[in-house]
Amino acid sequence: MSRMGFFNNLLLVIRKHDRGIVIFILFVFCFLYFYNINGWLINDDEGGYLYHAWRMSEGELPYRDFYSTKEPLFLYTGYLVFKFLGPDVSWIRFFTAIITIFTGFLIFLIGRRVYSYKVGLWSLFIYLILPVVYFQARYYRPDAYAVFFSTLGLFLFIKAWQSKKRLFFAYSGSFYAVSLGYKLSTTIGIVALLVFILYQAVVEKRLRIISNVLFPFLGGFFAVIIILIFSLSKTAPLLLTCIFKHQLSQPPLAFNNLMLTLTNNIEEFFMIGPKQHGMRDGHPWLIIFSLPLAIRYLFSKNEIKRVFTFYIFNIYFILLAPYFNQILRYLLYLLPAVVLVFVDLSFSLFRYGRNILVKLCGVLMLIFILIKVIIPGLIKDGVLLCAKEDGTMAFAEYVKRHTTEDDYVVADYGDILFHARRKTTYLMAGMSQSAVDNSVITSDKLINEFESYPVKMVLIHREGGIPEKQGFFFGTPYAPHHFSTLINSKDGSKFINYLREHYLLTDTFNRNGEIFDIYYKKEALNPLK
């Protein structure tokens with residue numbers, strides 16, 4: 001049998017068992033995503049989200065009973081899981097991993113529909129091994145859910161465009177609206193589709209697209225938005241205040257910081273910035289290599305490919321994102337389109353009849369991606385896979401032993417409060433750097449809360465630990481320079497003086513190298529004397 005005949009027969013076998021191969025790949029990723037999912041340490045963001053979900057499972061409402069800047073559908077997802085399955089981190093992480101694997105499957109379906117079976121299959125594989133995807137899948141964070149619903153909206157839009165069924169455009173718009181309820185960053189996908197529709201209508205002079213595509217899409221989108229507003233009517237005014245004030249009042253939005261923001265994001269995009277776990281997230285290289293083909297799609301006879309072009313063009317807006325050290329996270333919302341374009345590029349370079357130099361360029365590109373993206377991604381995934389709990393459970397047990405269920409505990413780490421099952425004040429439930437920068441939380445406001453709530457214990461992260469885990473609020477000279485903390489702000493000394501006047505330093509706790517000072521309310525100590 002000739003070599004070509006062998007590969008043709010192999011291809012026939014793959015096509016005959018294509019469903020089984022996809023199921024097998026998904027099964028392998030299920031194992032990798034679920035393995036040791038409960039053994040992971042809880043990072044600061046996830047700790048706050050878990051804490052909010054627990055407070056909601058206790059009958060409280062976000063924005064009204066505790067401060068939060070997170071989108072409502074994300075909070076209510078955690079609430080439903082905790083309400084029916086109990087406040088266990090394993091369950092909520094399990095659902096996040098499942099939703100990420102479903103996103104990979106949707107990418108396969110899109111690739112098979114727009115390109116071919118093999119493009120869809122390789123896109124599924126590459127997407128699920130990227131460390132930024134794996135990281136988001138193993139934590140309870142909004143990004144995995146938001147990307148899933150926006151990718152589902154993209155799949156339905158493509159299906160509607162190819163089948164010319166207006167109802168599916170409405171379905172697509174509705175799921176994009178749902179994705180906004182998880183993360184406002186999914187605006188990226190919505191903008192891409194709107195630009196695509198207008199491009200087809202104006203440049204291609206097909207104005208019927210406005211009535212046949214745009215109106216149904218917007219109809220489904222706003223129908224869901226209206227339903228969400230009515231469903232959240234009890235907290236809607238506070239929701240708008242908490243979320244939009246937080247999103248729209250970031251200090252870097254000021255014009256004098258524009259160049260600093262742009263420079264920082266460009267450095268991060270080209271991977272000049274700091275590494276994580278000794279390795280970089282290499283997925284920007286996929287965008288860099290895919291950009292030329294994405295531009296070529298504008299002249300393709302297959303019109304639907306232009307959607308991916310406008311998705312990737314959003315990188316220019318992401319470079320102006322006003323949030324430092326977040327650009328690699330925002331790129332997550334482009335990856336479903338990016339991996340499809342990149343895999344299409346890879347196969348096109350090796351198409352039958354290509355010049356030997358073109359094929360050589362393809363080989364060099366794949367070797368580069370293997371060295372810069374795939375291998376570091378697999379190594380980093382392995383590091384994350386084996387990460388262990390960092391002593392938070394022991395700290396939470398300490399807090400539980402020295403407080404009662406009715407006592408309030410103040411700490412800017414939600415993971416401690418979540419495991420200890422202790423409430424904190426309204427503002428401290430949503431503590432963040434931006435809340436301090438925007439004067440949502442000040443010394444005066446916090447002192448007023450201390451007078452109103454039965455705050456028995458205060459936990460201050462004094463020193464030690466990895467830089468990313470230094471407290472926003474309880475900053476120290478050891479905290480990273482880029483953290484703007486209340487104590488280091490212009491009125492931080494006022495809170496310190498109040499704390500020392502009304503609370504007594506009773507103990508310290510070492511959480512895996514992080515040293516916490518533990519303050520106890522003086523009046524609560526008097527009965528013990």
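For the structure, see preceding data.
Criteria and cut-off values
- Residues numbered from 1 in each chain as written.
- Predicted model: local features only at pLDDT ≥ 70, side-chain atom pairs only at ≥ 80, totals over all residues.
- Heavy atoms only, no water.
- Helix = DSSP H or I, 4+ residues; strand = E, 2+ residues; numbered from the N terminus.
- Contact = heavy atoms within 4.5 Å.
- Areas by Shrake-Rupley, 256 points an atom, 1.4 Å probe, with all protein chains shown as cover.
- Polar contact = N/O pair within 3.5 Å; in protein donor to acceptor, adjacent residues only side chain to side chain.
- Buried < 20%, exposed > 50% of the residue type's maximum accessible area, 1.4 Å probe, protein only.
- Salt bridge = Lys/Arg side-chain N within 4 Å of Asp/Glu carboxyl O.
- 1 Å grid on protein atoms, 1.4 Å probe; cavity = no way out; pocket = protein on both sides within 12 Å on 5 of 7 lines; lining within 4 Å.
- Points joined across faces, edges and corners; volume = space filled by probe spheres on them.
- Nonpolar A, V, L, I, M, F, W, Y, C, P; charged D, E, K, R; others polar.
- Expected span 1.5 Å × (residues − 1).
- Bend = angle between axes of the 7 residues up to and from the residue.
- Pairing = 2+ DSSP bridges.

Once that is clear, we can look at the overall build of the protein chain. Assigned secondary structure in the protein chain consists of 25 helices and four strands. The long-range share in the protein chain, meaning contacts at least 24 apart out of those at least 6 apart in sequence, stands at 70%. Accessible surface, the protein chain: about 24600 Å² in total, of which carbon and sulfur atoms supply 65%.

One can find Asn-314 in the loop between α15 (306-313) and α16 (315-318). A distance of 3.3 Å separates the side chain of Asn-314 from the backbone oxygen of Phe-310, its partner in a polar contact. In this view, Asn-314 contacts Ile-188, Val-191, Ala-192 and Leu-334; residues no more than four positions away in its chain are not counted.

To continue, consider unusual backbone geometry. The general pattern is negative phi for most residues beyond glycine and trans for most peptide bonds. Phi at Tyr-63 is positive, roughly 75°, even though this residue is not glycine. Using a relative accessible area of 0% as the deciding quantity, one classes Tyr-63 as buried. The phi angle at Arg-421 is positive, at roughly 55°, despite the residue not being glycine. With respect to the secondary-structure elements, Arg-421 resides in the loop between α21 (414-420) and α22 (433-437). Overall, Arg-421 belongs to the partly exposed group, its relative accessible area being 25%.

This part is about the pattern of salt bridges. Counting across every chain of the model gives nine salt bridges. Among the salt bridges present, the one from Glu-60 reaches Arg-55, with a minimum N-O distance of 2.8 Å. Relative accessible area serves as the criterion here: at 12%, Glu-60 is assigned to the buried category. When the shortest N-O distance is used, the salt bridge between Lys-400 and Glu-397 registers 4.0 Å. On the criterion of helical spacing, the pair formed by Lys-400 and Glu-397 is a turn pair, its members being three residues apart in helix α20 (residues 392-401). Take Glu-397: its relative accessible area is 38%, and that puts it in the partly exposed class.

With that settled, consider empty space enclosed by the protein. Taken as a whole and judged by the stated rule, the model has two cavities of 30 Å³ or more. Lining the largest cavity, in full, are Thr-100, Thr-103, Tyr-127, Val-133, Gln-136, Ala-137, Asp-143, Ala-144, Val-147 and Leu-332. Of all the secondary structure elements, the ones that give two or more residues to the lining of the largest cavity are α5 (89-114), α7 (131-137) and α8 (142-163). Partitioning the lining of the largest cavity into residue classes produces six nonpolar, three polar and one charged.

What follows deals with helix α11 (residues 208-231). Its 24 residues give α11 an end-to-end C-alpha distance of 34 Å, which sits within 8% of 34 Å, the value for a rise of 1.5 Å per residue. Taking the largest bend as the criterion, α11 deviates by roughly 30°, centred on Leu-214, and proline Pro-216 comes between one and four positions later. Those residues of α11 lying buried are Ile-209, Val-213, Leu-214, Pro-216, Phe-217, Gly-220, Phe-221, Val-224 and Leu-228. The inward-facing, buried residues of α11 contact α4 (72-85), α8, α9 (166-180) and α10 (187-202).

With seven of nine residues buried, strand β2 (residues 455-463) is to be regarded as a mostly interior element. Where strand β1 (residues 408-410) meets β2, three bridges bridge the pair, whose relative direction is parallel. Each bridged residue has a counterpart across the sheet, and for Tyr-408 the counterpart in β2 is Val-455. Pairing between β2 and strand β4 (residues 514-521): six bridges, direction antiparallel. When the sheet's bridge partners are listed, Met-457 is paired in β4 with Tyr-520.

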